[in-house]
Amino acid sequence: MMRVFAIGDVVGKTGVAFIRSVLPAFRRTEGIDFCVINGENAAQSNGLTPEVCEELFVSGADVITTGNHVFRRKELYDYLDDNGFVLRPANLPDSDPGKGYCIVDKGRVRVGVINLLGTTFMDPLESPFLVIDRLMEKLSDCRIILVDLHAEATSEKRAFGFYLDGRASAVFGTHTHVQTADEQVLPQGTGYITDLGMTGTEQSVLGVEPDIIIRKFRTRMPERFDFAEGEPMLCGCIFDIDEKTGRCLRTERICIR
């Protein structure tokens, strides 16, 4: 059995520091074999940098996924091309830096990881339902396949989970920063959760200072989104996966404070 730990959107220095402080011991005590972290907001002023990626890898990430903010920092562009284990969504244009999937050889099993963007209430991109079929063919020799769908709409994520049921080992949603309570194994053996949640300051609005967001809603004026500081939390989900069949046996929602 392989224990996969998927961690929700890391926000700012608080989220990165908390990952550094708790993930190494958590991997040991829980017997985690593989860890995927969504890091698209991990840099302090949004986006992601090579330096933050290295911090996450040192802390225990095997693969870093992203989302709609992946290209906020130009210094990440070359790093995306050079490091195949930092992904950008696969349904962005092929000419963009980086790749949307990778294969990690764990010796006893090959693990494929796919990163996609949803399209409902988001940018008009090629449908992830169409792109995933092409990518699954490229990962046909991977017994375990993990998919991060970075999307706004819960309906799109739920439908995507059922679309991949029996084909992917686990499908997990990111982007909304609020952990959902629907972790489960779908009928054909795919582990699923609509959103992993957020890793960052708990008393915040999706990681941002509450007063800033309240002011924006009241005035409709532009605001600088400064990340909140305070007590952190780490949200994610563990998927126990049968290495012989690639099917998920059990899911466990995680929130560490």
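Structure first, text after, so check above.
Residues numbered from 1 in each chain as written. Predicted model: local features only at pLDDT ≥ 70, side-chain atom pairs only at ≥ 80, totals over all residues. Heavy atoms only, no water.

Novice: So what's going on with the overall build of the protein? Which residues, and what values?
Specialist: Looking only at helices and strands, the protein has six helices and 13 strands in total. The C-alpha atoms of the protein give 17 Å as radius of gyration, which agrees with the globular expectation for 257 residues (18 Å, within 12%). Projecting the C-alpha coordinates of the protein onto the three principal axes gives extents of approximately 55 × 40 × 35 Å. Counting across all 257 residues of the protein, residues that qualify as buried make up 58%. Counting only contacts in the protein whose residues sit at least 6 apart along the sequence, the fraction spanning at least 24 positions is 64%. In the form shown here, the protein has an accessible surface area of approximately 11,100 Å², with 50% of it arising from carbon and sulfur atoms. (Helix = DSSP H or I, 4+ residues; strand = E, 2+ residues; numbered from the N terminus. Rg over C-alpha atoms; globule rule 2.2 N^0.38 Å. Buried < 20%, exposed > 50% of the residue type's maximum accessible area, 1.4 Å probe, protein only. Contact = heavy atoms within 4.5 Å. Areas by Shrake-Rupley, 256 points an atom, 1.4 Å probe, with all protein chains shown as cover.)

Novice: Give a detailed account of the pattern of salt bridges, specifying residues and quantitative values.
Specialist: Under the definition given, this model contains 21 salt bridges. Among the salt bridges present, the one from Arg250 reaches Glu252, with a minimum N-O distance of 3.3 Å. The partly exposed category is assigned to Arg250, whose relative accessible area is 39%. Counted as one network, the salt bridges with shared partners bring together Arg3, Glu30, Asp240, Arg250 and Glu252. (Salt bridge = Lys/Arg side-chain N within 4 Å of Asp/Glu carboxyl O.)

Novice: If you had to explain the packing of aromatic side chains to someone new, which residues and values would you point to?
Specialist: We describe a pair of aromatic rings using the distance from one ring centre to the other and the angle between the two ring planes. Following the criterion strictly, the structure yields five aromatic pairs and no others. Residues Phe71 and Tyr77 carry aromatic rings whose centres are separated by 5.6 Å and whose planes lie at 85° to one another, so their mutual orientation is edge-to-face. Owing to a relative accessible area of 23%, Phe71 belongs among the partly exposed residues under this scheme. Judged by relative accessible area, which is 27%, Tyr77 ranks as partly exposed. Put simply, the rings of Phe129, Phe160 and Tyr163 pair up and form one aromatic cluster. The positively charged end of Lys99 is found above the aromatic ring belonging to Tyr101, 4.4 Å away from the centroid. Of note, Arg167 hangs over the ring of Tyr163, and the distance from its end group to the ring centre comes to 4.8 Å. (Phe/Tyr/Trp six-rings, centres within 6.5 Å; stacked < 30°, edge-to-face > 60°. Lys NZ or Arg CZ within 6 Å of the ring centre and 35° of its normal.)

Novice: Summarise the nonpolar core; cite the residues concerned and give the values.
Specialist: Inside soluble globular proteins, nonpolar side chains tend to come together where they are buried. Of all hydrophobic cores here, the largest spans 32 residues; its most connected members are Phe5 and Ile37. Sort the elements by how many residues they give to this core and helix α1 (residues 12-30) lands first, with six residues. Apart from residues lying up to four places away in sequence, Ile37 is in contact with Ile7, Val10, Ile19, Leu23, Leu56, Ala61, Val63, Ile64 and Thr65. Counting residues in each nonpolar core, the second largest holds 22 residues, with Val63, Leu87, Val109 and Ile193 among its members. (Core = buried A, V, L, I, M, F, W, Y, C linked by side-chain atoms within 4.5 Å.)

Novice: Can you tell me about the state of the cysteines, naming the residues and giving the values?
Specialist: Within this structure, the stated rule accounts for zero disulfides. Here Cys102 stays unpaired: no disulfide links it, and the sulfur of Cys142, its closest cysteine neighbor, is 8.9 Å away. Of all cysteine sulfurs, the one in Cys255 lies closest to Cys235, which takes part in no disulfide; the gap is 3.6 Å. Look at Cys235 and you get buried, because its relative accessible area is 3%. (Disulfide = S-S within 2.5 Å.)

Novice: I'd like a rundown of helix α5 (residues 154-163), residues and numbers included.
Specialist: Listed as buried for α5 are Glu156, Lys157, Phe160 and Gly161. Each buried residue of α5 sits inside an arc of 135° when the element is viewed along its axis, so together they form one side. Structurally, α5 contributes buried residues whose contacts are with β6 (110-117), α4 (128-138), β7 (144-150), β8 (170-174) and β10 (191-193). (Arc of directions from axis to C-beta.)

Novice: Describe the environment of Val104, naming the residues involved and giving the relevant values.
Specialist: Assignment of secondary structure puts Val104 in strand β5 (residues 101-105). A residue is classified by how much of its surface remains accessible, and Val104, at 11% relative accessible area, is buried. Apart from the residues within four sequence positions on either side, Val104 is in contact with Phe34, Val63, Phe85, Val109, Arg110 and Val111.

Novice: Which residues make up the side chain of Thr65, and what values go with them?
Specialist: Looking at where Thr65 falls in the secondary structure, it is placed in strand β4 (residues 63-65). Its relative accessible area of 0% is what places Thr65 among the buried residues. A distance of 2.7 Å separates polar atoms of two side chains, one belonging to Thr65 and the other to Asp148. Once residues lying within four places of it in the same chain are set aside, the contact partners of Thr65 are Val36, Ile37, Asn38, Gly39, Glu40, Leu87, Val113, Asn115 and Asp148. (Polar contact = N/O pair within 3.5 Å; in protein donor to acceptor, adjacent residues only side chain to side chain.)

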